[in-house]
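Below are the chains, spelled out letter by letter.
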Amino acid sequence: MTSVLDAEAPAAGTGAVLVMASVDDDHLGRLMRQPFAAYLEAPEPGEDHQVTAGPRFESTVAAGGLYFWLTTGTAFQLATTMLFCDGLVTRGAVTGEQREGVELALHEAVANALLHGNLGLDSEMRDDFRRYAEFCQLLDERLRDPVRHRQRVEIAATWQPGFLEIVVTDQGEGYADAAITPDEPEETANGLLIHGLGIIHALTESVTTDADGRGLILRFAT
Amino acid sequence: MEHKVHNTSTGQEIMLRGRFTFADHEGFRGVVQLMDEPGAKRIVFDLSGLEFVDSAGLGMFLIAREAAERKKLQLVLRGAQGQVKRMLDLGRFDALFTIQD
């Protein structure tokens, strides 16, 4: 395994790891076309300067998968799931036709990880017109909070012919078991609304949580 | 998501472009505030430049709908294509909004 501090194109299949100091959508979009196995965001100033990764890093790289380890602030700003799915298509994990469903399910999982996990925000407040301004203000405050801003989200994908698994893990309080029960579109204060987890259930073969409830495991037939 | 506002004889036409997601709450709050401007009767969201919408984006359309109802404005969603159109269909938005091709 190789670790580099800049975008040097690695040889395919070497499990090369890219450590990124700062990146935008265009830059990361170009880097996704290179055969890195993992994309790790370097610690920000004020953090421990040792580069770390999450619990699925080694197993994902060893399996020839694709791996992101980003701060909440960066994952919020980037088109994170679009870029990750660019990488899945480039690596042959999904076809162009399968991509839309995989991207939407992954996007909803990452949104839950960031908003409800790392930023600790309540979806009922978000969906209530009378509390919408309050929700937006709280979201802004939480994104500016250096501790929450630096909390990480891990996206780890592995695949075999006919099968794709993506695990999205945050550093929040974790899902309650009942929270991932399949549900129908629900009526809220605003009327009919599609629920993010309902979309995930509709687009995946199965959805489960990992042992501590912080990881959402999405399985797709491909 | 980027947006551009055109004033019309009956209100405003708001063109949305790019990806409309959970990351756009703060920007969309400004769009909703446009409905406070006096004299408007009709707000049209032009979605022809929108490439992707998630459940949070659908939720923001519902916030806009409630804001419009309070101001007695007609709200129209126009020109959705591809994934955006499929999401509006999935959410049965035709029962809630005036949808135009």
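**Side note on the overall build of chain B**
A tally of regular secondary structure across chain B gives three helices and five strands. Its helices and strands taken in sequence order, chain B reads β-β-α-β-α-β-α-β from the N to the C terminus. The C-alpha extent of chain B, read off along each of the three principal axes, is 35 × 25 × 20 Å. Classification of the 101 residues of chain B by burial places 44% in the buried group. Of the contacts formed within chain B by residues at least 6 apart in sequence, a portion of 70% connects residues at least 24 apart.

**Some details on helix 7 (residues 132-144) of chain A**
In a regular helix each residue adds 1.5 Å, so 13 residues correspond to 18 Å; helix 7 of chain A covers 19 Å between its end C-alpha atoms and thus fits that length. Turning to helix 7 of chain A, its buried residues number three or more, namely Tyr132, Phe135 and Leu139 of chain A. All buried residues of helix 7 of chain A fall inside an arc of 55 degrees around its axis, so they share one side. Helix 7 of chain A presents Ala133, Glu134, Gln137, Glu141 and Arg144 of chain A as exposed residues on the side facing more than 90 degrees away from its buried surface. On the buried face of helix 7 of chain A, the contacting elements are helix 6 (123-127) of chain A together with helix 1 (25-33) and helix 2 (55-70) of chain B.

**Thoughts on the interface of chain A and chain B**
Between chain A and chain B, the residue contacts involve 23 residues of the former and 20 residues of the latter. Mapped by element, the contributors of at least two residues to the side of chain A that touches chain B are helix 5 (96-118), helix 6, helix 7, strand 8 (191-193) and helix 9 (196-203) of chain A. Residues belonging to the side of chain A that touches chain B are distributed by class as follows: 13 nonpolar, five polar and five charged.

**A few points about the pairing of strand 2 (residues 11-20) of chain B**
Residue and element names in this part refer to chain B. Two strands pair when backbone bridges link them, and strand 1 (residues 2-7) and strand 2 are joined in this way by six bridges, in the antiparallel orientation. Note that in strand 2 the partner of His6 across the bridge is Glu13. Count of turn residues in the strand 1/strand 2 antiparallel hairpin: three residues. Here strand 2 runs beside strand 3 (residues 42-53); their pairing, made up of nine bridges, is parallel.

**So, helix 5 of chain A**
End to end, helix 5 of chain A covers 31 Å across 23 residues, agreeing with the expected 33 Å (1.5 Å per residue, within 8%). Among the residues trailing helix 5 of chain A, Gly120 of chain A stands out with phi positive, at a value near 65 degrees.

**Structural notes on the packing of helix 7 of chain A against helix 1 of chain B**
With their axes 9 Å apart at the nearest point, helix 7 of chain A and helix 1 of chain B run at an angle of 150 degrees to one another. Of the two elements, helix 7 of chain A crosses helix 1 of chain B, and the hand of that crossing is left-handed. Two secondary-structure elements touch here, helix 7 of chain A through Ala133, Cys136, Leu139 and Asp140 of chain A and helix 1 of chain B through His25, Glu26 and Arg29 of chain B. Split into classes, the residues belonging to the contact of helix 7 of chain A with helix 1 of chain B amount to three nonpolar, one polar and three charged.

**Concerning the confidence of the model for chain B**
Residues and elements named next belong to chain B. Confidence in the prediction for chain B averages 93 pLDDT; 100% of positions are at 70 or higher. In the model of chain B, helix 1 stands out as the element of lowest mean pLDDT, 90, in contrast to strand 3, which has the highest, 97. For this predicted complex, the interface score ipTM comes out at 0.92, while the overall pTM is 0.91.

**Side note on the pairing of strand 10 (residues 215-221) of chain A**
Residue and element names in this part refer to chain A. With seven bridges joining them, strand 6 (residues 163-169) and strand 10 adopt antiparallel strand pairing. Paired with Thr169 across the strands is Gly215, a residue of strand 10. One ladder, built from four bridges, connects strand 9 (residues 206-209) with strand 10; its direction is antiparallel. Pairing of Thr208 across the sheet is with Ile217, part of strand 10. Hairpin geometry of strand 9 and strand 10 is characterised by an intervening segment of five residues between the two adjacent antiparallel strands and by a positive phi of about 80 degrees at Gly213.

The rules behind these values
Residues numbered from 1 in each chain as written. Chains lettered and ligands numbered in written order. Predicted model: local features only at pLDDT ≥ 70, side-chain atom pairs only at ≥ 80, totals over all residues. Helix = DSSP H or I, 4+ residues; strand = E, 2+ residues; numbered from the N terminus. Buried ≥ 20, exposed ≤ 12 C-beta atoms within 10 Å, placed from the backbone. Contact = placed C-beta atoms within 7 Å. Expected span 1.5 Å × (residues − 1). Arc of directions from axis to C-beta. Nonpolar A, V, L, I, M, F, W, Y, C, P; charged D, E, K, R; others polar. Pairing = 2+ DSSP bridges. Axes fitted to C-alpha atoms, helices over the stretch in contact; angles between N-to-C directions. Left-handed = near helix turned anticlockwise from the far one by under 90°. pLDDT = per-residue confidence, 0-100.

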